[in-house]
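Results of the structural survey
One letter stands for each residue in the lines below.
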Amino acid sequence: MARFFVESGMIKDNYIILDKESDYRHMTKVLRLKEGDKVQISDGEKWEYETEIQSLGDGFAKLRIMDKQAFAREPEIKVSLFQGVPKGSKMELIIQKCVEEGIYEIVPVFMKRSVVLDTGKFNKKIERWQKIADEAVKQCKRGIIPKIQDPMDAKELSNIFDRFDLVLMPYENEDGYSIKDALLENQDAKNIAIIIGPEGGFSDEEAASYIEAGAKSVTLGKTILRTETAGLVALAMTMYQLEL
């Protein structure tokens, strides 16, 4: 069943209006849905609806609400990924897979070892990455669309650690303290940050400053993972330990 997102203001007592141009076009031109077909709707905040297309107007659809339930597929914990900006299209893979796994938000971070050649076009990258997140959500039928936040500088990152119950920093130079150790010691954590370095990892200065600010330096295992793999692995371990 197709899934779409609408703002809560478009949801009435017994019907929903879907009028976003791209969604209406996808519904009618790509999926070729018609009156009587079933559609899933999410308000992106708490509720999801099973609806039936009641009528199709000029650029909008009126959907009759058949059932309303709280999100069934959203994790109870919120995990934010602070990803050192990688080269090429690696960020697209990171976003797609982390959204499927249940990430709450993704923040690109310019770190010392980030190699970015087109900083002038970064706003367009954010738009592109958000679209990838949107499509991944529809595929895995999540209740919210994770936000791809504006990029931040590595030096600013430690200033926001107090927003989180736990900050995890997978670090190649860590060998005595595992992510499992950190999660077992913080079973009640509900708001978690994961920091991943770019290709080449963290600089010594970055790692030292994050640890001093309260990040837990952890190992993900005996092998050194690529930047596009490390975040997904850390997220999966966190979800398995704290969510299931």
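Look a little higher up for the structure.
Below you will find a few notes about this structure. Just so it is clear, the model here is predicted, and its values are computed rather than measured.

Our focus in this paragraph is the side chain of glutamate 48. Mapped onto the elements of the fold, glutamate 48 is located in strand β4 (residues 47-56). A distance of 2.9 Å separates polar atoms of two side chains, one belonging to glutamate 48 and the other to arginine 3. Among residues more than four places away in sequence, those in contact with glutamate 48 are Arg3, Ile41, Ser42, Asp67, Lys68, Gln69, Ala70, Phe71 and Ala72.

Bringing the packing of aromatic side chains into the picture now. Within this structure, the stated rule accounts for six aromatic pairs. When the centroid spacing of 6.1 Å and the interplanar angle of 65° are considered together, the rings of tyrosine 171 and phenylalanine 202 count as edge-to-face. You can see tyrosine 171 sitting in the loop between β10 (166-170) and α5 (179-184) and its partner phenylalanine 202 sitting in the loop between β11 (191-196) and α6 (204-212), a full 31 residues away along the chain. Side by side, tyrosine 171 and phenylalanine 202 carry an identical accessibility label, which is buried. Geometrically, the ring pair formed by phenylalanine 202 and tyrosine 210 is edge-to-face, given 6.1 Å between the ring centres and 85° between the ring planes.

Moving on to the environment of isoleucine 194. Mapped onto the elements of the fold, isoleucine 194 is located in strand β11. By relative accessible area, which is 1% here, isoleucine 194 ends up buried. If near-sequence neighbours (up to four positions away) are discounted, isoleucine 194 is found in contact with Val79, Ser80, Leu81, Phe82, Leu168, Pro170, Ala234, Leu235 and Thr238.

The subject of this paragraph is the packing of helix α2 (residues 90-101) against helix α3 (residues 122-140). Relative to each other, α2 and α3 sit at 30°, their axes nearing to 9 Å. Judged on the interaxial angle alone, α3 and α2 are roughly parallel. In this structure, α2 meets α3 at a crossing whose hand is right-handed. Contacts between α2 and α3 involve Met91, Glu92, Ile95, Gln96, Val99 and Glu100 from the former and Arg128, Trp129, Ile132, Ala133, Ala136, Val137, Gln139 and Cys140 from the latter. Considered class by class, the residues forming the contact of α2 with α3 number nine nonpolar, two polar and three charged.

Attention now goes to the pairing of β10. Here β10 lies mainly inside the structure; five of its five residues are buried. Where burial is concerned, the two faces of β10 agree: the one with Leu166, Leu168 and Pro170 and the one with Val167 and Met169 are both buried. When β10 meets β11, the two strands line up parallel, connected through three bridges. In the strand pairing of β11, valine 167 is matched with alanine 193. Handedness of the crossover joining β10 and β11 through α5 is recorded here as right-handed. Bridge count between β10 and strand β12 (residues 216-218): three bridges; the pairing is parallel. The residue of β12 that forms the bridge with methionine 169 is serine 217.

Mapped onto the elements of the fold, aspartate 37 is located in the loop between α1 (21-30) and β3 (38-42). From its side chain, aspartate 37 meets the backbone nitrogen of lysine 34 in a polar contact 2.8 Å long. Among all residues touching aspartate 37, those that are not within four sequence positions of it are Arg32, Thr51, Glu52 and Ile53.

With 37 residues, the main nonpolar core has Ile95 and Leu168 as its most contacted residues. Elements represented by at least two residues in this core include exactly β6 (78-84), α2, α3, β10, α5, β11 and α7 (227-242). Setting aside chain neighbours within four positions, we find isoleucine 95 in contact with Ile106, Trp129, Ile132, Ala133 and Ile148. The next biggest cluster of nonpolar side chains, apart from the first, holds 19 residues, and it includes Val167, Met169, Tyr171 and Tyr210.

This next bit is on the sheet that holds strand β1 (residues 3-5). Strand order in the open sheet made by the five strands is β1-β3-β4-β5-β2, with mixed pairing throughout. Only two strands of the sheet have a single neighbouring strand rather than two, namely β1 and β2 (15-18). Across the sheet, the mean angle from the axis of one strand to that of its neighbour is 40°, orientation sign disregarded. Across three bridges, the pairing between β1 and β3 is parallel. Bridge pairing in β3 links phenylalanine 5 to serine 42.

Parameters at a glance
Residues numbered from 1 in each chain as written. Predicted model: local features only at pLDDT ≥ 70, side-chain atom pairs only at ≥ 80, totals over all residues. Heavy atoms only, no water. Helix = DSSP H or I, 4+ residues; strand = E, 2+ residues; numbered from the N terminus. Polar contact = N/O pair within 3.5 Å; in protein donor to acceptor, adjacent residues only side chain to side chain. Contact = heavy atoms within 4.5 Å. Phe/Tyr/Trp six-rings, centres within 6.5 Å; stacked < 30°, edge-to-face > 60°. Buried < 20%, exposed > 50% of the residue type's maximum accessible area, 1.4 Å probe, protein only. Axes fitted to C-alpha atoms, helices over the stretch in contact; angles between N-to-C directions. Parallel < 35°, antiparallel > 145°, perpendicular 65-115°, else oblique. Left-handed = near helix turned anticlockwise from the far one by under 90°. Nonpolar A, V, L, I, M, F, W, Y, C, P; charged D, E, K, R; others polar. Pairing = 2+ DSSP bridges. Right-handed = clockwise from strand over helix to strand, strands pointing away. Core = buried A, V, L, I, M, F, W, Y, C linked by side-chain atoms within 4.5 Å.

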